[in-house]
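Understanding the architecture of this molecule
Here is what each chain is made of, one letter per residue.
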Amino acid sequence: MPYIVKTMDKLKKNSPAQTEFYQAAEEVLVSLRPLIDSDSKYKKHNIIQRIVEPERQILFRIVWLDDKGVARVNKGYRIEFNSALGPYKGGLRLHPSVNAGIIKFLGFEQIFKNSLTGLPIGGGKGGSDFDPKGKSDAEIMRFCQAFMTELYRHIGPTTDVPAGDIGVGGREIGFMFGQYKRLTGRFEGILTGKSLAWGGSLVRTEATGYGAVYFAEDMLAERGEVLEGKTCTVSGSGNVAIYTIEKLYQLGAKPVTCSDSRGAIYDKDGINLETLKRLKEVEKVSIENYTKEHPNAEYTPVADYPKGRNLVWTVPCYAAFPSATQNELNEKDAADLLKNGCVCISEGANMPSTPEAVELFLEAKIAYGPGKAANAGGVATSQLEMSQNAGMEAWNFETVDGKLRNIMRNIFINSNETSKEFGDAGNLVFGANIAGFRKVADAMIEQGAV
Ligand code: NDP
């Protein structure tokens, strides 16, 4: 596979120390081999070298005042990766772990994910190493305003439309939107995930979690199985995790875990969704408080996890939904899941399983839905928000949820059919990567080498 070695060598040389980006790029490149070998046009047009290089990378300084009046400095990023299919689209992440490599990995994945939705959106991603934890509302607002003071000149309703990701929910989108309007004097759809009162879409909040469960439903239906009556595990306790849990209950399954960066809850009676939503969405406190109201549930701090493991994946389940962050499920976790009878993984988070864990899932031939397919419901519904903004419309819940359901089904069908076309039936990593890539690559070729 000389093109893979050549490309990876070049990336490592030109973009040093971007481990997560190399991981994401290598996974895609390895999957593409049968397509590249069977159709010479991709080599002829040098698509591989072109697609791993972002069209534009914007790095900037953010200065904001804390509550004591002290000027604080963070790094800001917006990586506009690929616009072959439409305006750049992808979230903004606020987390201290953010660096150029993380944003590049997320932006790269976003290209193929957005392509899989079948909607006209290109791939991008952004964020900052700002840590929202422990900050007052006023500090969050000043940070978001300072962030948008630079970002506003790079985005627009037909050029680049960011959304939320880790650390960016409705509150942050509101502060950023307000600042854009203040700076430009324009009220337009430059962000998605907006409040319903001023341009948001119903179902956007629920979309990623609901979508990941719809994707699991489709993978299982293909095998004649259902989620109803089954025990499930979920990691994370943010936007994706909460609405994964909600949809699992709606389908008659029992989600028994959730987690955050400090620990995990195991509630054998099923996670109480009302308590979880109040703790995370209203009070914005640690899930540790869950056991005060549900004494039968167990809370385990990260320090007490088995060494090198994530406690959530030691809990026996039928289906697992990693919904926190990248590389949160390693080889040992995967082995435990399989040993305990797990037959379905649907990734709400981006790249939550390490390459070794993915290998085990594929070898075991369980229903494995990689993030770029399984969590595409969020960005798909963001595009539905853009559509409503452009047409000055507001669709009802059933309409948007119906469209989301169809999009997730089509992503499954497209990935599954492509896996069969290239001789590895049911391998959705392979199917999603090839299907997502082919559409973008063909558009790049048609648009010429510029
Ligand atoms: P939130 O910020 O709402 O929640 C993130 C959750 O993950 C929190 O419970 C957080 O815990 C936990 N978490 C974050 N970092 C770590 C870490 N290093 N170790 C352990 N736990 C961690 O984010 P989202 O729910 O929006 O995003 C979750 C994942 O889903 C991310 O991978 C994101 O890229 C992906 N995703 C999100 C989409 C969306 O629409 N929101 C769309 C597609 C993918 P704590 O609160 O303690 O930090």
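Residues numbered from 1 in each chain as written. Predicted model: local features only at pLDDT ≥ 70, side-chain atom pairs only at ≥ 80, totals over all residues. Heavy atoms only, no water.

Topic: helix α14 (residues 355–364)
Those residues of α14 lying buried are Ala357, Val358 and Phe361. The arc that holds the buried residues of α14, viewed along the axis, is 100°, so those residues lie on one side. Remark: Lys365 follows α14 within two positions and exhibits a positive phi of approximately 55°. (Buried < 20%, exposed > 50% of the residue type's maximum accessible area, 1.4 Å probe, protein only. Helix = DSSP H or I, 4+ residues; strand = E, 2+ residues; numbered from the N terminus. Arc of directions from axis to C-beta.)

Some points on the packing of helix α1 (residues 2–14) against helix α2 (residues 19–31)
Helix packing for two helices is described by the angle between their axes and how far apart those axes are. Contact geometry for α1 and α2: axes closest at 10 Å, N-to-C directions at 165°. When the interaxial angle is binned, α1 and α2 end up roughly antiparallel. Considering how the two elements wind past one another, α1 and α2 form a crossing that is right-handed. In contact with Tyr3, Ile4, Thr7, Met8, Leu11 and Lys12 of α1, α2 contributes Phe21, Tyr22, Ala25, Glu26, Leu29 and Val30. Among the residues forming the contact of α1 with α2, the class breakdown is 9 nonpolar, 1 polar and 2 charged. (Axes fitted to C-alpha atoms, helices over the stretch in contact; angles between N-to-C directions. Parallel < 35°, antiparallel > 145°, perpendicular 65-115°, else oblique. Left-handed = near helix turned anticlockwise from the far one by under 90°. Contact = heavy atoms within 4.5 Å. Nonpolar A, V, L, I, M, F, W, Y, C, P; charged D, E, K, R; others polar.)

Points about the pattern of salt bridges
If you walk through the whole model with that rule in mind, you get 28 salt bridges. Here Arg93 and Asp165 are joined by a salt bridge, their closest N and O atoms 2.6 Å apart. Of this pair, Arg93 sits in strand β3 (residues 88–94) while Asp165 sits in the loop between β5 (160–164) and α8 (170–184); the two residues are 72 residues apart in sequence, bridging distant segments of the chain. The partner of Arg405 in a salt bridge is Glu217, and the shortest N-O contact between them spans 3.0 Å. Residue Arg405 is located in helix α17 (residues 397–421), and its partner Glu217 is located in helix α9 (residues 204–222); the two are separated by 188 residues in the primary sequence. Judged by its relative accessible area of 13%, Arg405 falls in the buried class. Because the salt bridges share partners, they merge into one network encompassing Glu217, Asp218, Arg405 and Arg409. (Salt bridge = Lys/Arg side-chain N within 4 Å of Asp/Glu carboxyl O.)

What about the nonpolar core?
Within the largest apolar cluster, 53 residues are counted, with the highest numbers of intra-cluster contacts made by Phe215, Leu227, Leu248, Phe321 and Ile411. Top element by residues in this core is α9. It accounts for 8 residues. Shared between two domains, this core takes at least three residues from each, and those domains are domain 1 (2–187) and domain 2 (207–369). With residues up to four places along the chain from it excluded, the contact list for Leu227 reads Val213, Ala216, Glu217, Leu220, Cys232, Leu248, Leu251, Gly252, Ala253, Ala319 and Phe321. Counting 41 residues, the second-largest nonpolar core is a separate cluster that includes Ile4, Tyr22, Ala84 and Phe108. (Core = buried A, V, L, I, M, F, W, Y, C linked by side-chain atoms within 4.5 Å. Domains from an automatic or database assignment.)

Note that all results are geometric; they support no functional claim without further evidence.
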